[in-house]
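Residue strings, one per chain:
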Amino acid sequence: MKFNYNFKNIKESYLFAEVANRTETYRKANPDKKILKLGIGDVTLPLAPSVIEALHGAVDDMSRQQTFKGYGPYEGYDFLRESIREYYRSNGVELAMEEIFVSDGAKSDLGNILDIFAKENTVLVPDPVYPVYVDTNEMAGRKVIYADATDENGFLPAPDYKIDADVIYICSPNNPTGAAYTKAQLKEWVDYANAKGAVILYDAAYECFITDENLARSVFQIDGAETCAIEFCSFSKTAGFTGTRCGYTIVPKCLEHEGFNANKMWLRRQATKFNGVPYIVQKGAAAVFSERGQSEIRKNLAYYKRNAELIANSMDTLGIRYTGGKNSPYIWLKCPDGFKSWEFFDYLLSGAQVVGTPGAGFGRNGEGFFRLTAFGSEETTREAVFRIENLLKK
Ligand code: PLP
């Protein structure tokens, strides 16, 4: 017997463990100081009332013989897929029902989708990046190459025709940099992928933060994407479902290559390894698309956006360069005074008792950068911004 030796190649992720360690060490040494956390990417507001009502209603459905549900469809219930379809239609994207697959979140499907791709593919991932793309490919023994996301290109790398990538990851708005591709920039990637016979795995987990019309909310707003892209989206950040778990994956029917059809393969894969998202959760997710649900989640999103604006305005006041803050819950800032990421972490923690995330933890190009998030409470965000300004103005 042999274990999967590729696990030896996966780097230990020390990032959040190290953040927690250093924070705890500081807390123990300074028990009287109040530490404010702007590091996590998790939401803090509770689920919308309309979602809660739908969840309760669905629990009651399970208690009655006539409305009880056993195994559901692998692809999700039609009531939710219809709502997702309508949502895409409102963004100018026409989908067939068979192209919509309900998932238990973007993370699972971002990993699971690799089942339909051959091992010998070359995988192109931006650096810095959400670590899941790299780790899932390395677990499967695939070669990963990097597209540099730097200050110079606004953390939005463009395709390089000299490089032959097969599987390309794009996350927009991006975690960690908060940068988001315009439709014109994304068109360049779609053209590249179609020219190379490559596929784009498009992570739209933060699309709900987009307000600027020039930015893409979905890769399928771009002509030609239906023959080269798969999209992953989630209710996690849109509607606070990080703990409730629901998302969706769009696999176009015309994404074909060498006689294989991605949509058919994905359905086959799901039918084999997945028994669907709980009915109760899907009912809660469907409520997000109701008129009331939309107005409630817009309020929550506006709350996080105000936090992002507070942090961004503060960076403007301090003359610190950053990306994100608009169209994104993340503010990715250049550490002032030549600080390295972890040095700046320690400086902020000891000088202002504010915790953020060192950019170096997201990849080589993250060194010298720092991520703050807008998912905290307004009170914490205001206080943290006040303290950061006081410290850095000195
Ligand atoms: N994609 C990105 C870029 C993320 O930052 C996250 C979570 O933070 C996810 C996907 C995971 O989303 P989900 O909760 O739907 O699994």
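Above: the structure in question.
Attention in this report is confined to the structure presented alongside it.

Rules of the game
Per-chain numbering applies: the sequence of each chain, read as written, is numbered from 1 onward. Selection of residues for local features in this predicted model requires a pLDDT of at least 70, selection of side-chain atom pairs for listing and counting requires 80 or more, and totals for whole chains, interfaces and linings are taken over all residues. The side-chain figures draw on all heavy atoms in the structure; neither hydrogens nor water molecules are used. Put simply, DSSP H or I for four residues or longer makes a helix, DSSP E for two residues or longer makes a strand, and each gets a number counted from the N terminus. The buried label applies to any residue whose accessible area, calculated with a 1.4 Å probe on protein chains only, is under 20% of its type's maximum; exposed applies above 50%, and partly exposed to all values in between. Any pair of N or O atoms that falls within 3.5 Å is considered a polar contact. Within protein, one atom must be able to donate a hydrogen and the other to accept it, and sequence-neighbouring residues count only if both atoms are side-chain atoms. Only heavy atoms enter the contact rule, under which two residues are in contact if any of them lie within 4.5 Å. As defined here, a cavity is a set of points on a 1 Å grid over the protein atoms alone where a 1.4 Å probe fits but cannot get out. A pocket is an open set with protein on both sides within 12 Å along at least five of seven lines, and residues line them when an atom is within 4 Å of a point. Grid points are joined across faces, edges and corners, and a volume is the space filled by probe spheres set on the points. Gly counts as polar in this scheme, as do all residues outside two lists: the nonpolar Ala, Val, Leu, Ile, Met, Phe, Trp, Tyr, Cys and Pro, and the charged Asp, Glu, Lys and Arg. A pairing counts as a salt bridge when a side-chain nitrogen of Lys or Arg comes within 4 Å of a carboxyl oxygen of Asp or Glu.

Quick notes on the side chain of asparagine 307
Phase 1: Within the secondary structure, asparagine 307 is located in helix H10 (residues 291-318).
Phase 2: A residue is classified by how much of its surface remains accessible, and asparagine 307, at 0% relative accessible area, is buried.
Phase 3: A distance of 2.9 Å separates a polar atom in the side chain of asparagine 307 from the backbone oxygen of glycine 376.
Phase 4: Discounting residues that sit within four places of it in the chain, asparagine 307 has contacts with Ala374, Gly376, Ser377, Glu378 and Thr381.

So, the environment of arginine 27
Phase 1: Residue position: arginine 27 is located in helix H1 (residues 15-29).
Phase 2: Look at arginine 27 and you get partly exposed, because its relative accessible area is 40%.
Phase 3: On a C-alpha basis, the gap between arginine 27 and phenylalanine 155 in space is 34 Å, while along the polypeptide they are 128 residues apart.

With respect to unusual backbone geometry
Phase 1: The omega torsion across aspartate 127 and proline 128 is 10°, close enough to zero to call that bond cis.
Phase 2: Tracing the chain through its elements places proline 128 in the loop between strand E3 (122-127) and helix H5 (132-139).
Phase 3: Cis rather than trans, the peptide bond between asparagine 175 and proline 176 has omega equal to 15°.
Phase 4: With respect to the helices and strands, the residue proline 176 is situated in the loop between strand E5 (167-171) and helix H6 (183-196).
Phase 5: A positive phi angle is found at glutamine 353, which is not glycine, with a value near 55°.
Phase 6: In this structure, glutamine 353 sits in the loop between helix H11 (341-352) and strand E13 (354-355).
Phase 7: Judged by relative accessible area, which is 10%, glutamine 353 ranks as buried.

A word on empty space enclosed by the protein
Phase 1: Applying the stated criterion across every chain yields a total of three cavities of 30 Å³ or more.
Phase 2: Roughly 100 Å³ of volume is contained in the largest cavity.
Phase 3: Every residue lining the largest cavity is counted, 16 residues in all, and those nearest its centre are Pro126, Pro157, Tyr169, Ile170 and Tyr181.
Phase 4: Mapped by element, the contributors of at least two residues to the lining of the largest cavity are E3 and E5.
Phase 5: A total of four residues in the lining of the largest cavity trace back to one element, the largest contributor, which is E5.
Phase 6: Of the residues assigned to the lining of the largest cavity, the class counts are 15 nonpolar, one polar and no charged.

Comments concerning the pattern of salt bridges
Phase 1: Summed over all chains, the structure comprises 22 salt bridges.
Phase 2: Residue aspartate 148 is joined to arginine 364 by a salt bridge in which the shortest nitrogen-to-oxygen separation is 3.3 Å. Residue aspartate 148 is located in strand E4 (residues 143-148), and its partner arginine 364 is located in the loop between strand E14 (357-358) and strand E15 (369-373); the two are separated by 216 residues in the primary sequence.
Phase 3: Owing to a relative accessible area of 63%, arginine 364 belongs among the exposed residues under this scheme.
Phase 4: Three or more residues joined by partner-sharing salt bridges are found here, namely Glu18, Arg22 and Asp346.

Section: the environment of arginine 364
Phase 1: Along the backbone, arginine 364 and glycine 57 are 307 residues apart, and their C-alpha atoms lie at a distance of 48 Å.
Phase 2: Residues in contact with arginine 364, not counting those within four places in the same chain, are Asp127 and Asp148.

Digging into the side chain of glutamine 294
Phase 1: Looking at the element boundaries, glutamine 294 is found in helix H10.
Phase 2: Once residues within four sequence positions are removed from consideration, glutamine 294 is found in contact with Val288 and Phe289.

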